[in-house]
Amino acid sequence: MAGFIMAAQLIGALSILVTLHELGHFWAARAFGIKVEKFYLFFDAWNFKLFSKKFGDTEYGIGWLPLGGYVKIAGMIDESMDTEALKQPAQSWEFRSKPAWQRLIVMIGGVTMNVILGVVIFTCLLFFLKKEFATVDEVNKQGIVAYPAGQKIGFENGDKIISVNGKSIERFDDLYSATVIMGAEVEIERNGSSKTIEVPSTFYRDIDKSLRAQYIAPDSIKCFIKKVTEESNAFKAGLMAGDKFVAIKYSRINNAWDLVSVLHAFKGTTVPITIERKGSPQVINVEITPEGKIGIMPQEKCDYKQDFVKQPYTLASAFSYGVKDAFEAITSNIKGLGKIFKGEEKVKDSLQGPIGIATIFGGDFDWLRFWTLTGLLSMVLAFMNILPIPALDGGHVVFLLWEAITHRKLSDKFMERAQIVGMVILLSLMAFAFGNDILKVISKN
């Protein structure tokens, strides 16, 4: 069932992203009077399709190969490699008969739609789902909790954040951005004195390998139970979703790191666990497995003191931060590619194919996670498509810019060959990504 949920979420996200991407090309083409012969979600390889219906001049359909989608624009050399029509005289409604600037707009239409979608998704996530955020000023009233990954680079409990790369920040969550975890200078206040902590450019690896995605947090973060696995020791003992951990035996539980550490310290024994349920403390005896688990999924929530006030997102601030969060995805991708080209990262460790992406969505459905990943994928899709690789939108953009600057149109033969080269590159990358995902699954098992 978990595998089905993963696949369904991936296909659902791709359907949204691909449809809107191709809609960008479609609307731009129609705006300039260019005929669009096909509009397909997924590929109808070898002319096999799950559904098709023709409305006007366009055939709309769903293909069987869920690796993307396409619009077939009349008079354009694309992935269909249908060059027969190009042997005929150019018609007024064809792509090739339009001026370079119009063709350029058509080609960037898909990327533009993905950027708009990414910004809209992140804005809505903040305004409708997250609704509020912790400000640095409020967190500084009590200071931070430093987790092991943060302690490793110099953070300590009680530190107060002053600036990042010389600039003050308002939202505490921005300390988890790629701008920080891929290398930054964080100025903090400790015991009345300022200190600069150098976050190394490889720090994101330590976070990935740590037991927490975060390295610092407000000291008011507490550990709650998000989910109890059926028939687990926690389930049999009576622990419930929503319970807040207070202590295990004589060890106080302040956060998820404390929980994991203490469970491992008492693995293979039965211990009294103090929890708070609906404001009332309870003590429940739970058996810990030899692996140090009890069968729960922890979740950390803010359990702020009365003087800690969270800032609500207005529509304007949600949009402003939504734009920032959306483009943060592109920033991290650019930095990631830079590390690959510099030899600091291996392609096989950095590249995620469909299987890898599906596992990130997870085996249970969560709206916040689904839309967060869909927004990230939308921005990644925009970034990848604008790369100057033949067969991608970015390749066509480069050729059109050359034509606009030199006033010399590239020959159809050159465009055909460039398209073939680009498709070979893309299919090779796709095959590598699939193979890499499969090897990762095998190695884990």
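First things first, this report covers the structure right here in the doc. (Residues numbered from 1 in each chain as written. Predicted model: local features only at pLDDT ≥ 70, side-chain atom pairs only at ≥ 80, totals over all residues. Heavy atoms only, no water.)

Side note on the sheet that holds strand β9 (residues 193–199)
Then, number 1: Taken together, 3 strands build an open sheet; the order of strands is β7-β8-β9 and the sheet is antiparallel. If you trace the sheet from one side to the other, it starts and ends with β7 (160–164) and β9, each paired once. Pairs of neighbouring strands in the sheet enclose a mean axial angle of 30°, with direction left out of account.
Then, number 2: Bridge count between β7 and strand β8 (residues 184–190): 4 bridges; the pairing is antiparallel. Bridge assignment links V164 to a residue of β8, and that residue is V186. (Pairing = 2+ DSSP bridges. Helix = DSSP H or I, 4+ residues; strand = E, 2+ residues; numbered from the N terminus. Axes fitted to C-alpha atoms, helices over the stretch in contact; angles between N-to-C directions.)

Concerning empty space enclosed by the protein
Then, number 1: Applying the stated criterion across every chain, the model contains 2 cavities of 30 Å³ or more.
Then, number 2: Computed from the structure, the largest cavity encloses a volume of approximately 240 Å³.
Then, number 3: When residues of the lining of the largest cavity are traced back to their parent elements, those giving at least two are α2 (100–130), α13 (393–406) and α14 (412–444).
Then, number 4: Broken down by element, the residue count for the lining of the largest cavity peaks at 4 residues, all from α13.
Then, number 5: Within the lining of the largest cavity, the residues separate by chemical class into 9 nonpolar, 2 polar and 5 charged. (1 Å grid on protein atoms, 1.4 Å probe; cavity = no way out; pocket = protein on both sides within 12 Å on 5 of 7 lines; lining within 4 Å. Points joined across faces, edges and corners; volume = space filled by probe spheres on them. Nonpolar A, V, L, I, M, F, W, Y, C, P; charged D, E, K, R; others polar.)

Here we look at the packing of helix α11 (residues 354–361) against helix α12 (residues 367–385)
Then, number 1: Their axes nearest at 10 Å, the elements α11 and α12 cross at an angle of 145°. Contacts between α11 and α12 involve I357, I360 and F361 on the former and, on the latter, R369, F370, L373, T374 and L377.
Then, number 2: Class assignment for the residues of the contact of α11 with α12 results in 6 nonpolar, 1 polar and 1 charged. (Contact = heavy atoms within 4.5 Å.)

A look at the sheet that holds strand β3 (residues 58–63)
Then, number 1: What the 4 strands build is an open sheet, ordered β2-β3-β1-β4; its pairing is mixed. Edge strands, defined here as strands with exactly one partner in the open sheet, are β2 (49–55) and β4 (65–73). On average, each strand axis in the sheet is tilted by 10° relative to the strand beside it, whichever way the strands run.
Then, number 2: For β2 and β3, the ladder comprises 6 bridges, and the chain directions are antiparallel.

Brief notes about unusual backbone geometry
Then, number 1: Positive phi values are uncommon outside glycine, yet W46 reaches one of about 55°.
Then, number 2: Turning to its location among the elements, W46 is positioned in the loop between β1 (36–43) and β2.
Then, number 3: The backbone of N165 sits at a positive phi, close to 50°, despite the residue not being glycine.
Then, number 4: Within the fold, N165 resides in the loop between β7 and α5 (178–181).

Some words on α11
Then, number 1: Residues of α11 that are buried: G356, A358 and F361.
Then, number 2: Downstream of α11 by one or two residues, G362 has phi in the positive range, about 90°. (Buried < 20%, exposed > 50% of the residue type's maximum accessible area, 1.4 Å probe, protein only.)

Some words on the layout of surface pockets
Any space left empty among the atoms is revealed by the rolling of a water-sized probe across them.
Then, number 1: Approximately 200 Å³ is the volume found for the second largest pocket.
Then, number 2: Forming the walls of the second largest pocket are 13 residues, and the residues nearest its centre are V164, I169, D174, T179 and K324.
Then, number 3: When contributions to the lining of the second largest pocket are tallied by element, the ones reaching two or more residues are α5 and α9 (315–341).
Then, number 4: When grouped by side-chain class, the residues that make up the lining of the second largest pocket number 5 nonpolar, 4 polar and 4 charged.

Observations concerning the side chain of R171
Then, number 1: Within the element layout of this structure, R171 appears in the loop between β7 and α5.
Then, number 2: One polar contact links R171 to D174, side chain to side chain, over a distance of 2.6 Å.
Then, number 3: Side-chain polar atoms of R171 contact the side chain of Y313, separated by 3.1 Å.
Then, number 4: With sequence-adjacent residues up to four places away left out, R171 is seen in contact with L126, F133, A134, V136, Y313, Y321 and D325. (Polar contact = N/O pair within 3.5 Å; in protein donor to acceptor, adjacent residues only side chain to side chain.)

Here's the deal with the packing of aromatic side chains
The geometry of an aromatic ring pair is captured by the separation of the ring centres together with the interplanar angle, meaning the angle of the planes.
Then, number 1: Here the structure, examined in full by the defined rule, presents 24 aromatic pairs.
Then, number 2: Between Y40 and Y70 the ring centres are 5.8 Å apart and the planes differ by 10°, which places this aromatic pair in the stacked class. Note that Y40 is positioned in strand β1 and Y70 in strand β4, a separation of 30 residues in sequence.
Then, number 3: On the accessibility criterion, Y70 (6% relative accessible area) is buried.
Then, number 4: Measuring from ring centre to ring centre gives 5.8 Å for Y250 and F266, while their planes differ by 75°; the resulting arrangement is edge-to-face. With Y250 in the loop between β12 (244–248) and β13 (251–252) and F266 in the loop between α8 (256–265) and β14 (270–277), the pair connects residues that are 16 residues apart, well separated along the chain.
Then, number 5: Overall, Y250 belongs to the exposed group, its relative accessible area being 65%.
Then, number 6: A relative accessible area of 12% places F266 in the buried class.
Then, number 7: Following the ring pairs from residue to residue traces out a cluster consisting of F155, F172, Y176, F203 and Y215. (Phe/Tyr/Trp six-rings, centres within 6.5 Å; stacked < 30°, edge-to-face > 60°.)

Let's talk about the pattern of salt bridges
Then, number 1: All told, the structure shown has 16 salt bridges when counted by the stated rule.
Then, number 2: Its salt-bridge partner being E94, residue R96 comes within 2.7 Å of it at the nearest N-O pair. Grouping residues by exposure puts R96 and E94 together as buried.
Then, number 3: Between R171 and D174 there is a salt bridge whose closest N-O contact spans 2.6 Å.
Then, number 4: Its relative accessible area of 3% is what places R171 among the buried residues.
Then, number 5: Residue D174 is classed as buried on the basis of its relative accessible area, which comes to 8%.
Then, number 6: Salt bridges sharing common partners tie together R171, D174, K324 and D325. (Salt bridge = Lys/Arg side-chain N within 4 Å of Asp/Glu carboxyl O.)

Concerning the side chain of D325
Then, number 1: Here D325 lies in helix α9.
Then, number 2: Side-chain polar atoms of D325 contact the side chain of R171, separated by 2.7 Å.
Then, number 3: Here D325 is in contact with F122, L126, R171 and D174, once residues within four sequence places are set aside.

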